[in-house]
Amino acid sequence: MRLPAGVRERVAAVHGGAELPERLRLYDGWAARYEQDVAALEYRAPQLAAASLAFAFPAPPAGARLLDVACGTGLVARELHRRGFRCLDGVDGSAGMLERARSTGLYRQLRPCVLGREPLPAPAEHYDAVTVVGALGEGQVPSAAVPELLRVTKPGGFLCLTTRSNPSNLRYKAELEAALEGLERQGAWQKVLAQEVERWERATSEEESTQGTGYISGVVYVYRKCPVPPLEEG
């Protein structure tokens, strides 16, 4: 089945290596069509990430404070809300995306922030969980920004990250995984899971397709910040 007209071009534009001001303008312009386009792409990352985080959470999450980084229009927030998360804050670099996210009514606070260019607008060790779904990729959030996610996470808190495994993102994925493994070796966090998913979303070109399936694959990572509190007895 062919993708609807314009989807391939809009995806290519935001991943095309434009300078930041131009890229944010493209995201602003995409905001109104974004959810329609990612539905056409069968984009599964928000559901997969929310399910993975909910599975890892040791307690009912209703009172847990969570930061949705690069929140876009709020797709991740919807999935988290369905799984019991209620105290959601969000940041994104695109004013157009933030406007759409605000209309969901699911966030307590929404603030502009371009991760990798500026610190997150939150104090240290503030959140029980932090998510970055869809923004860790070539030409987007640099892998060097991962320690900033850890800074705002409480000890024992969770971080849920995703990236794609399509050919044009493999160099970035290798850099990201080196950064993740380096932080684990330093004792900054513990890996909870790393799940490779084959049908992550539909490919926008044959070159990006995994073994001619018409789809690209991706990965969900969940880490827990150290020190992890001991299990309660009883």
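Structure's up top.
What counts, and at which threshold
Residues numbered from 1 in each chain as written. Predicted model: local features only at pLDDT ≥ 70, side-chain atom pairs only at ≥ 80, totals over all residues. Heavy atoms only, no water. Helix = DSSP H or I, 4+ residues; strand = E, 2+ residues; numbered from the N terminus. Buried < 20%, exposed > 50% of the residue type's maximum accessible area, 1.4 Å probe, protein only. Contact = heavy atoms within 4.5 Å. Salt bridge = Lys/Arg side-chain N within 4 Å of Asp/Glu carboxyl O. Expected span 1.5 Å × (residues − 1). Phe/Tyr/Trp six-rings, centres within 6.5 Å; stacked < 30°, edge-to-face > 60°. Axes fitted to C-alpha atoms, helices over the stretch in contact; angles between N-to-C directions. Parallel < 35°, antiparallel > 145°, perpendicular 65-115°, else oblique. Nonpolar A, V, L, I, M, F, W, Y, C, P; charged D, E, K, R; others polar.

**Notes on the overall build of the chain**
Now for step 1: In terms of regular secondary structure, the chain is built from seven helices and seven strands.
Now for step 2: Ordered by position in the sequence, the α and β elements of the chain form the string α-α-α-β-α-β-α-β-β-α-β-α-β-β.
Now for step 3: Projected onto its principal axes, the C-alpha coordinates of the chain cover approximately 55 × 35 × 30 Å.
Now for step 4: When each of the 234 residues of the chain is scored for burial, the buried share is 51%.
Now for step 5: Of the contacts made within the chain by residues no fewer than 6 positions apart, 72% connect residues no fewer than 24 positions apart.

**A look at the pattern of salt bridges**
Now for step 1: A complete count under the given rule lists 11 salt bridges for this structure.
Now for step 2: Salt-bridge contacts for Asp89 lead to Arg108; the nearest nitrogen and oxygen are separated by 3.3 Å. Pair noted here: Asp89 is in strand E2 (residues 87–92) and Arg108 is in strand E3 (residues 107–112), with a separation of 19 residues, a long-range link.

**What to know about helix H3 (residues 45–56)**
Now for step 1: Across its 12 residues, H3 extends 16 Å between first and last C-alpha, which sits within 8% of the 16 Å expected from 1.5 Å per residue.
Now for step 2: Every buried residue belonging to H3 is among Ala45, Pro46, Leu48, Ala49, Ala50, Ser52, Leu53 and Ala56, and all of these are buried.
Now for step 3: On its buried side, H3 packs onto strand E1 (65–69), helix H4 (75–82), strand E4 (127–132), strand E5 (153–164), strand E6 (189–202) and strand E7 (215–225).

**Some points on the packing of aromatic side chains**
Now for step 1: With the rule as written, the count across this model stands at five aromatic pairs.
Now for step 2: Ring geometry for Tyr27 and Trp30: centres 6.0 Å apart, planes at 35°, overall tilted. A residue pair is termed a helical-turn pair when its members lie 3 or 4 positions apart in one helix, as Tyr27 and Trp30 do in helix H2 (residues 20–40) at three residues.
Now for step 3: For Tyr27, a relative accessible area of 17% puts it in the buried group.
Now for step 4: Residue Trp30 is classed as buried on the basis of its relative accessible area, which comes to 6%.
Now for step 5: Ring geometry for Trp189 against Tyr223: centres 4.1 Å apart, planes inclined by 20°, an arrangement best described as stacked. One end of the pair, Trp189, is in strand E6; the other, Tyr223, is in strand E7, and 34 residues separate them in sequence.

**A closer look at the packing of H2 against helix H5 (residues 95–104)**
Now for step 1: Where H2 contacts H5, the axes come no closer than 6 Å and their chain directions differ by 30°. In this view, H2 runs roughly parallel relative to H5, as classed from their interaxial angle. Counting all contacts with H2, which are made through Tyr27, Asp28, Trp30, Ala31, Ala32 and Tyr34, the residues of H5 involved are Ala95, Gly96, Met97 and Arg100.
Now for step 2: Residues that form the contact of H2 with H5 fall into these classes: seven nonpolar, one polar and two charged.

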